[in-house]
Amino acid sequence: RAVLDTIPQEVVVRDRDGRYTLANESAAAAHGVRVEELEGSTDEEYARSGAERDVRATDMEVIESGEPQRIEDEERIDADGRTRTVTTDIVPLELPETERQALIVATDTTDRTERQAALERQATAMEASMDGISILNADGEYTYMNEAHADIFGYDSTELLGGTWRQLYSDDEIERIEQEVFPVLEREGEWRGE
């Protein structure tokens, strides 16, 4: 019980009737009750409007088939009204002297989902930018560039990926960049100029 109540994932066990036969502190908190209140109650008592799936039906599929299921990035509304994104694993649980039940482990993926959405917004902004933007690895090879950067040099962005920045400049300009830009970049972490 101590281990169960310490882990951050919501862990519950439900039987064929949707009755919670086991719950941890995280699951109880998400439902806005104490563990003692959640255990023995049914899933119907905590159903939220706008649910994306029939929880009882999913539990029964796992109980009947004996095959686990995973529900990725499902939105859930907590007792406090906060919308979270969770990934839920539902596995069959067989214990001595009981019928098969469903063990449900829900992992909060809200932060990861929000970070991914932020990265996608950033990538969209970089692609839409009229400024040339590129990313190079430690060997000076392009790992990313937007169309504006490629257009400056008269290329398609996919043509330059994996190539080096040196292929775009004359020998004089390469020497200038190596003498004026790279030392500042290495020392200060950034360089600004034309």
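Residues numbered from 1 in each chain as written. Predicted model: local features only at pLDDT ≥ 70, side-chain atom pairs only at ≥ 80, totals over all residues. Heavy atoms only, no water.

Caption draft 1: Looking closely at the environment of G66. Structurally, G66 is set in the loop between α4 (55-65) and β3 (69-77). Assessed through its relative accessible area of 23%, G66 is described here as partly exposed. Between the C-alpha atoms of G66 and P92, which are 26 residues apart in sequence, the distance is 5.4 Å. Excluding residues within four positions of it along the chain, G66 makes contact with E61, P92 and R100. (Helix = DSSP H or I, 4+ residues; strand = E, 2+ residues; numbered from the N terminus. Buried < 20%, exposed > 50% of the residue type's maximum accessible area, 1.4 Å probe, protein only. Contact = heavy atoms within 4.5 Å.)

Caption draft 2: Seen up close, the packing of aromatic side chains. All told, the structure shown has 3 aromatic pairs when counted by the stated rule. Aromatic side chains F153 and Y169 sit 5.5 Å apart centroid to centroid with 75° between the ring planes, which places their arrangement in the edge-to-face category. On the criterion of sequence distance, the pair formed by F153 in the loop between α6 (147-152) and α7 (157-160) and Y169 in the loop between α7 and α8 (171-188) is long-range, its members being 16 residues apart. On the accessibility criterion, Y169 (28% relative accessible area) is partly exposed. (Phe/Tyr/Trp six-rings, centres within 6.5 Å; stacked < 30°, edge-to-face > 60°.)

Caption draft 3: Main features of a nonpolar patch on the surface. Together, F182, L185 and W191 make up a nonpolar patch on the protein surface, roughly 240 Å² of accessible area in all. Summarising the element assignment, L185 is placed in helix α8. (Patch = residues over 30% accessible without salt bridge, like charges linked within 9 Å, V, L, I, M, F, W, Y side chains within 5 Å. Areas by Shrake-Rupley, 256 points an atom, 1.4 Å probe, with all protein chains shown as cover. Salt bridge = Lys/Arg side-chain N within 4 Å of Asp/Glu carboxyl O.)

Caption draft 4: Layout of the sheet that holds strand β2 (residues 20-23). An order of β2-β1-β5-β4-β3 is seen for the 5 strands of this open sheet, with the pairing classed as antiparallel. Each edge of the sheet is formed by a strand with only one pairing partner; in this case those strands are β2 and β3. Pairwise comparison of adjacent strand axes, ignoring direction, gives a mean angle of 25° for this sheet. Looking at chain direction, strand β1 (residues 10-14) and β2 are connected through 3 bridges and run antiparallel. Pairing of V12 across the sheet is with A23, part of β2. Against the sheet, helix α5 (residues 110-128) touches β3, β4 (83-93) and β5 (101-108), its axis set at about 130° to β4. (Pairing = 2+ DSSP bridges. Axes fitted to C-alpha atoms, helices over the stretch in contact; angles between N-to-C directions.)

Caption draft 5: Here's a closer look at the nonpolar core. One finds V12, Y20, L38, I90, A102 and I104 to be the most contacted residues of the largest nonpolar core, which totals 14 residues. Elements represented by at least two residues in this core include exactly β2, α2 (25-31), α3 (35-38), α4 and β5. Once residues within four sequence positions are removed from consideration, V12 is found in contact with Y20, L22, A23, A27, L38, A102, L103 and I104. Grouped together as the second largest cluster of nonpolar side chains are 9 residues, Y142, L160, L168 and V181 included. (Core = buried A, V, L, I, M, F, W, Y, C linked by side-chain atoms within 4.5 Å.)

Caption draft 6: Region of the structure containing the confidence of the model for the protein chain. Across the protein chain, pLDDT averages 89, with 96% of residues at or above 70. Of all helices and strands in the protein chain, the one with the weakest mean pLDDT is α7 (85), whereas β1 scores best (96). (pLDDT = per-residue confidence, 0-100.)

Caption draft 7: Quick look at the pairing of β5. Sheet analysis places β1 next to β5, joined by 5 bridges and oriented antiparallel. Among the inter-strand pairings, E10 is bridged to a residue of β5, identified as A106.

Caption draft 8: Representation of the side chain of H149 in the model. By secondary structure assignment, the location of H149 is in helix α6. For H149, a relative accessible area of 10% corresponds to the buried category. Within the structure, H149 has its side chain in polar contact with the side chain of Y142 (distance 3.3 Å). In this view, H149 contacts G132, I133, S134 and Y142; residues no more than four positions away in its chain are not counted. (Polar contact = N/O pair within 3.5 Å; in protein donor to acceptor, adjacent residues only side chain to side chain.)

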